[in-house]
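Spelled out, the chains give:
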Amino acid sequence: MEELKNAIQRQREICSGTSAVIVKNLTTGERIAFREREVFPAASLIKLPILFTLYKRKKEGFFLGERVRMEERHKVSGFGILKDLEPGLALTWKDLAVLMITVSDNTAANWLIDFLGMDAVNREIRALGLSETELNRKMMDAAAKERGLENKTSAADMERMYEAIRNDADSEEMTDILRRQQCNNKLPVFFGEHSGFAHKTGDLPGTEHDAGILYVKGQACFIAVLTKDLEDNMHGIRLNQEAGRLVYEYAGQERKV
């Protein structure tokens, strides 16, 4: 894994801004990490603990198939499709979770924050031991952002977040949602057709993230690439792409041993 570590470091040196990377072979336990506790703007990675908190409510007896109707007040701008649909649309809570993850729908995310409560999500974050992660504002809340409120996370917290998902009773259902991710321009660009990648992306001006678990022929590998202070967002996208390529090649070599 030392060769992989050196190759990723070379890509980090090319990239502007600050980057954090973790790669862990979940089969062998081998792990490499760069700036794993560095705090980054979470962008849409914050939607992972929202998903996890919703599934905790499911365990407490809440029915995710309950239908609710979208109103105009629910809509916010940015990523997603709900903002472009007509009010009155009936959706289940699971539909909102799927949209929040697979197309990073901000309307769905804010709706779920309102339903679950920001404090409840942060309690779950603390219970999971995510020491650098905080949900401090809803998506597209410019007024909160101007007051200095930002959602935060770290690569190490993303590793712990995915560990919690893997060990959860609803792991299969949450992982299925993450596998259906449609924002695939970063880590998985060079993955083969027969690979599976359960992941979530995030981006803001100067920030490009991707984190998830790559499944290839019986092996599983956690990958997280977080960036901030980029001179150009394409730098962060390219770092993600190259890191993904390197990890995929490493996983292929491991299969041949």
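Here is what the cut-offs are and how they apply
Residues numbered from 1 in each chain as written. Predicted model: local features only at pLDDT ≥ 70, side-chain atom pairs only at ≥ 80, totals over all residues. Heavy atoms only, no water. Helix = DSSP H or I, 4+ residues; strand = E, 2+ residues; numbered from the N terminus. Pairing = 2+ DSSP bridges. Axes fitted to C-alpha atoms, helices over the stretch in contact; angles between N-to-C directions. Contact = heavy atoms within 4.5 Å. Buried < 20%, exposed > 50% of the residue type's maximum accessible area, 1.4 Å probe, protein only. Lys, Arg positive; Asp, Glu negative; His and termini not counted. Salt bridge = Lys/Arg side-chain N within 4 Å of Asp/Glu carboxyl O. Polar contact = N/O pair within 3.5 Å; in protein donor to acceptor, adjacent residues only side chain to side chain. Core = buried A, V, L, I, M, F, W, Y, C linked by side-chain atoms within 4.5 Å. Parallel < 35°, antiparallel > 145°, perpendicular 65-115°, else oblique. Left-handed = near helix turned anticlockwise from the far one by under 90°. Nonpolar A, V, L, I, M, F, W, Y, C, P; charged D, E, K, R; others polar.

Trainee: Got a minute to help me understand unusual backbone geometry in this structure?
Mentor: Residues other than glycine predominantly adopt negative phi, and peptide bonds predominantly adopt the trans conformation. Phi is positive for Met140, close to 60 degrees, though the residue is something other than glycine. Along the chain, the position of Met140 falls in the loop between α5 (118-127) and α6 (142-146).

Trainee: I would appreciate a short explanation of the sheet that holds strand β1 (residues 18-25) in the present structure.
Mentor: What links the strands of a sheet is backbone hydrogen bonding, and the strands pair in either a parallel or an antiparallel sense. What the five strands build is an open sheet, ordered β2-β1-β9-β8-β7; its pairing is antiparallel. The sheet terminates laterally at β2 (31-34) and β7 (196-204), the two strands that pair on one side only. In this sheet, neighbouring strand axes are inclined to one another by 5 degrees on average, regardless of whether the strands run parallel or antiparallel. Relative to strand β9 (residues 219-228), strand β8 (residues 207-216) is paired through seven bridges, and the arrangement is antiparallel. By the bridge assignment for β9, Gly212 is matched with Ile223. Its contacts with the sheet place helix α1 (residues 2-14) against β1 and β2, and it is angled at close to 20 degrees to β2.

Trainee: I'm lost on the side chain of Lys200 in this one. Help?
Mentor: With respect to the element layout, Lys200 can be found in strand β7. Here Lys200 is buried and forms no salt bridge, its nearest opposite-charge partner Asp203 lying at an N-O distance of 7.4 Å. There is a polar contact of 2.9 Å between the side chain of Lys200 and the side chain of Ser104. Setting aside residues up to four positions removed in sequence, Lys200 forms contacts with Ser44, Leu45, Lys47, Leu48, Met100, Ile101, Ser104, Tyr162, Leu178, Gln181, Asp210 and Ala211.

Trainee: It is not clear to me how the nonpolar core should be interpreted in this structure. Could you clarify?
Mentor: Soluble globular proteins tend to bury their nonpolar side chains together. Formed by 55 residues in total, the largest nonpolar core has its most connected members in Leu51, Trp93, Leu96, Met100, Met161, Tyr162 and Ile165. Residues within four places of Trp93 in sequence aside, it is in contact with Leu54, Phe62, Phe63, Leu64, Glu66, Val68, Trp111, Leu112 and Phe115. Counting residues in hydrophobic clusters, the runner-up holds 22 residues, among them Leu4, Cys15, Leu214 and Cys221.

Trainee: In this structure, what is going on with the packing of helix α2 (residues 47-59) against helix α4 (residues 106-116)? I would like to understand it.
Mentor: Packed helix pairs are characterised by how far apart their axes lie and by the angle those axes make with each other. Contact geometry of α2 with α4 gives a least axis separation of 10 Å together with a crossing angle of 45 degrees. As far as their axial angle goes, α4 and α2 are oblique. Note on packing geometry: the crossing formed by α2 with α4 is left-handed. Across from Lys47, Ile50, Thr53, Leu54 and Arg57 in α2, the residues of α4 making contact are Asn106, Ala109, Leu112, Ile113, Phe115 and Leu116. Split by residue class, the contact of α2 with α4 holds seven nonpolar, two polar and two charged.

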